[in-house]
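# Remarks on the overall topology
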Amino acid sequence: MMLAPESEEADSFETRQQQRAIEVVRRSRFSAQTICLLILTVLAVFYTLYFAAAIILPIVLALVANLLLSAPMRVLHARLRLPKTLAALILILCLFGVVGAIGTAISVPAAGWISRAPQTMAAIQAHMAVLHGPLRMIQAANERIESFLAVVSGRGHEGAQGALLAPAAPSAEGGLGTFGSSVLLGTRAFVGQLFTMMLMLFFLLAQGDSLLRRFVEIMPTFADKRRAVQIAYQIERNVSLYLTTITIINVLVGLANMLQCWAFGLPNPLLWGVLAFLLNYIPIIGPLTGIVIYFVISLFVFPSVLQALLPPMVYLCIHLMEGETITPMVLARRFTLNPVLVMGSLMFWDWLWGVWGAFLSVPMLAVFKIICDHVEVLTPIGHIVGGPTRGPKMHPPAVLPEPSPEVE
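First, a word on what this report is: a plain description of the structure on this page.

Reading the values: rules and limits
- Residues numbered from 1 in each chain as written.
- Predicted model: local features only at pLDDT ≥ 70, side-chain atom pairs only at ≥ 80, totals over all residues.
- Heavy atoms only, no water.
- Helix = DSSP H or I, 4+ residues; strand = E, 2+ residues; numbered from the N terminus.
- Salt bridge = Lys/Arg side-chain N within 4 Å of Asp/Glu carboxyl O.
- Buried < 20%, exposed > 50% of the residue type's maximum accessible area, 1.4 Å probe, protein only.
- Axes fitted to C-alpha atoms, helices over the stretch in contact; angles between N-to-C directions.
- Parallel < 35°, antiparallel > 145°, perpendicular 65-115°, else oblique.
- Contact = heavy atoms within 4.5 Å.
- Nonpolar A, V, L, I, M, F, W, Y, C, P; charged D, E, K, R; others polar.

### Re the environment of L241
- Position of L241 among the secondary structure elements: in helix α10 (residues 222-264).
- The spacing of L241 and L68 is 173 residues in sequence and 7.9 Å in space, taken between C-alpha atoms.

So, in structure tokens, the structure goes:
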């Protein structure tokens, strides 16, 4: 079977990258002082990202949105001959419209479900009565283990005394009041960060090319200038292609779940379709969260647990079809990352920046790999971050040239 020219070109490029990474590893010699300095630098960067998230996160979101809107920006400016400022303003207004439409589709039905939360919990508890016995046994076993560990560690008396001095649980009114104030504070912070992101995105769309041009101009050599242009081009092409493709796939996933909610008779199918669309941006954790939500909602609607399992099972089948067939087929040779590092990046950025960090984890890992592929010192790291290879490339590199003897 003959390979397509694009496949042969991709294979040869990956082979060259692998050989280059091996050669760099052979030549690299890091001292203990260099390694310690690198570790301290990485820790300082993560410390800054954590405590300055309020200003750094909107800027990173604006950079990612700029990559997503780069193709429409070129269409409006290059083909339709619109000024960059006007084209950027049109795209910002369209983005505001999309965000507003999604917020409207979610907020009104979600408010109704929140208002019916007490009745929902009572219905769910009635459906899950069959699990009360096993859960009570697990809770009793957990209490016995905790008491045994407390006695062994000599903290039994202090634990009992602490339990007597523990403050009483807050009342329902106080809990609702605290919840309401936290929602208001969270909404105000979200609106502020959204405004900051939109403002930064407008200037990136309008003047981002000039900023990149100035950055390339200060490079000392022509090779550095060419490398900077290649990195910027690869980042824009790969990440924008990934975001566009994933957005189209997520829209189809949302539509499929909306249709299955309508077919099963779940109330507000538009809400659950939009929710599936948004959760599918977060790898692994998002679909699992969607399955749990669908199961909880189905418990409120259907009279038995077996019937309530149908919508989440269909959700799972849709996700498996999308994640194991459609997405790998579309992004097979254009966007490959190591699944282990994708999961590690997801957990790390979710811990650092929450939901937005989980959404940005894959694009930032892709940007990191592209930079590593074009910087010689970081080439081995880029090779590790890359996805699993196929075919003869998995064999040991026996055909590589032997290393020349080093001159002492």
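### Here's the deal with the pattern of salt bridges
- One pass over the full model with this rule turns up five salt bridges.
- Across the pair R74 and E236 runs a salt bridge, and its minimum N-O distance is 2.3 Å. On the criterion of sequence distance, the pair formed by R74 in helix α4 (residues 70-79) and E236 in helix α10 is long-range, its members being 162 residues apart.
- A relative accessible area of 26% places E236 in the partly exposed class.
- The residue R227 makes a salt bridge to D224 at a minimum N-O spacing of 2.9 Å. Taken together, the positions of R227 and D224, both in helix α10 and three residues apart, correspond to about one turn of that helix.
- Residue classification places R227 among the partly exposed positions, given a relative accessible area of 33%.

### Observations regarding the packing of helix α11 (residues 269-279) against helix α12 (residues 285-301)
- At a closest axis distance of 8 Å, the pairing of α11 and α12 adopts a crossing angle of 160 degrees. Comparing their axes, α12 and α11 come out roughly antiparallel. Residues W272, G273, L275, A276 and L279 of α11 form the contact with α12, whose own contacting residues are G286, P287, T289, G290, I293, Y294 and I297.
- Residue composition of the contact of α11 with α12, grouped by class: eight nonpolar, four polar and no charged.

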